[in-house]
Amino acid sequence: MRDSRGAEFDDFVRTRSVTLLRVAYLLTGDRHEAEDLLQEVLEQVYVHWRRVRTVPEAYARRALINRAASRWRRRARRPERALGDLDPSAPDGTENVLLRELVVAALRALPHRQRAAVVLRFLEDLSVADVAAALDCSEGAVKSHTARGLARLRAALAGSGLVLPVSNDSGSSR
C-alpha cells in the first residue's frame with residue numbers, strides 16, 4: 001500500500017507534468033534534455049515532498065530554472081554545436097517547424113534570466129510577482145529581464161514575420 005506522500009505526488013505528476021515539461025522544453029530548447037531535466041526535478045520534488053507539498057508547482061518551476069541554469073553554465077564551457085542551415089523556402093507545413101526552430105534557437109541565445117523571465121511571463125502566463133518569486137529577484141528585475149529578452153527576441157526574429165507581445169510590465173503585476 002502506498003503512503004499518502006506517494007499518492008499526493010502521483011496526483012501532482014499526473015496533473016502538472018505536461019505543463020512542467022513545456023517549461024523545461026522552453027528553457028532547454030531540446031525535448032530530450034527537457035525530459036531529463038524534468039525527471040531530475042521530479043525526483044527532487046519527491047524527496048522533499050513533505051516540505052513542498054503546499055506549493056509543489058512553484059517549487060518544481062524554481063528547481064527547473066535552477067537546474068537549467070546549471071546546465072547552461074556547463075554548456076557555456078563547451079563549444080557550441082551547429083544546428084545546421086534552415087531553409088525558409090521549404091514547402092508544405094515545414095514553415096511552422098522552421099519558425100518553431102527559429103524561436104527555440106532565439107530563446108536559447110538569450111541569457112538564462114531573460115529566457116526564464118520571457119518563458120514564465122508569456123508562455124506560462126505568470127504574473128510579475130510570481131516570476132519574481134520563481135527567479136528569486138525583485139519585480140523590477142523581472143520587468144527588466146522581460147523587456148530586454150523580448151527586445152533580443154525581436155531582433156533575432158526580425159525577418160521571420162513573427163509578432164512578439166509588447167512588454168507592458170511598467171507598473172502592473174499581471
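Now for a look at the structure at hand. Keep in mind the model is a prediction, meaning the values are calculated, not measured.

**Observations concerning the nonpolar core**
Nonpolar side chains in soluble globular proteins generally cluster together in the buried interior. Ranked by size, the top nonpolar core spans 33 residues in total, and within it Phe-12, Leu-27, Val-45, Leu-64, Ile-65 and Leu-120 carry the most contacts. Contributions of two or more residues to this core are made by helix H1 (4-28), helix H2 (31-47), helix H3 (49-52), helix H4 (56-76), helix H6 (112-123) and helix H7 (128-135). It is H4 that provides the largest number of residues to this core, a total of eight residues. For Phe-12, the contacting residues outside a window of four places in its chain are Ser-17, Leu-20, Leu-42, Val-45, Trp-49, Pro-56, Glu-57 and Ala-60.

**A look at the packing of H6 against H7**
At a closest axis distance of 10 Å, the pairing of H6 and H7 adopts a crossing angle of 140°. If you check the angle between H6 and H7, you find them oblique. As for the relative orientation of H6 and H7, their crossing is right-handed in sense. Contacts between H6 and H7 involve Arg-113, Ala-116, Ala-117, Leu-120 and Arg-121 from the first element and Val-128, Val-131, Ala-134 and Leu-135 from the second. Looking at side-chain class alone, the contact of H6 with H7 contains seven nonpolar, no polar and two charged residues.

**Focus: the side chain of Thr-28**
Along the chain, Thr-28 falls in helix H1. Not counting residues up to four positions away in its chain, the partners in contact with Thr-28 are Glu-33, Ala-34, Leu-37, Arg-108 and Arg-115.

**A few points about the pattern of salt bridges**
Enumeration over the complete set of coordinates arrives at eight salt bridges. Of the charged contacts, one joins Asp-11 and Arg-14 as a salt bridge, the two residues approaching to 2.9 Å between their closest N and O atoms. One end of the pair, Asp-11, and the other, Arg-14, are both in helix H1, three residues apart, so they sit about a helical turn from each other. When its relative accessible area of 59% is taken as the criterion, Arg-14 is described as exposed. The partner of Glu-124 in a salt bridge is Arg-22, and the shortest N-O contact between them spans 2.7 Å. Here Arg-22 lies in helix H1 and Glu-124 lies in the loop between H6 and H7, a separation of 102 residues in the sequence.

**Here's the deal with the packing of aromatic side chains**
Per the counting criterion, the structure on display carries four aromatic pairs. Judged by centre distance (6.5 Å) and plane angle (45°), the rings of Phe-9 and Phe-12 are tilted. Here Phe-9 pairs with Phe-12, and both are found in helix H1, just three residues apart, close to one helical turn. Given the relative accessible area of 10%, Phe-9 is considered buried.

**Let's talk about H2**
Given a rise of 1.5 Å per residue, 17 residues ought to cover 24 Å, and the 24 Å separating the end C-alpha atoms of H2 matches this to within 8%. Considered for burial, the residues of H2 that qualify are Glu-33, Ala-34, Leu-37, Leu-38, Val-41, Leu-42 and Val-45. Burial along H2 is one-sided: seen end-on, the buried residues are contained in an arc of 165°. For H2, the exposed residues set more than 90 degrees away from the buried face come down to His-32 and Val-47. Where H2 begins, the capping side chain belongs to Asp-30, and its oxygen is found 3.1 Å from the backbone nitrogen of His-32.

Calculation rules
Residues numbered from 1 in each chain as written. Predicted model: local features only at pLDDT ≥ 70, side-chain atom pairs only at ≥ 80, totals over all residues. Heavy atoms only, no water. Core = buried A, V, L, I, M, F, W, Y, C linked by side-chain atoms within 4.5 Å. Buried < 20%, exposed > 50% of the residue type's maximum accessible area, 1.4 Å probe, protein only. Helix = DSSP H or I, 4+ residues; strand = E, 2+ residues; numbered from the N terminus. Contact = heavy atoms within 4.5 Å. Axes fitted to C-alpha atoms, helices over the stretch in contact; angles between N-to-C directions. Parallel < 35°, antiparallel > 145°, perpendicular 65-115°, else oblique. Left-handed = near helix turned anticlockwise from the far one by under 90°. Nonpolar A, V, L, I, M, F, W, Y, C, P; charged D, E, K, R; others polar. Salt bridge = Lys/Arg side-chain N within 4 Å of Asp/Glu carboxyl O. Phe/Tyr/Trp six-rings, centres within 6.5 Å; stacked < 30°, edge-to-face > 60°. Expected span 1.5 Å × (residues − 1). Arc of directions from axis to C-beta. Polar contact = N/O pair within 3.5 Å; in protein donor to acceptor, adjacent residues only side chain to side chain.

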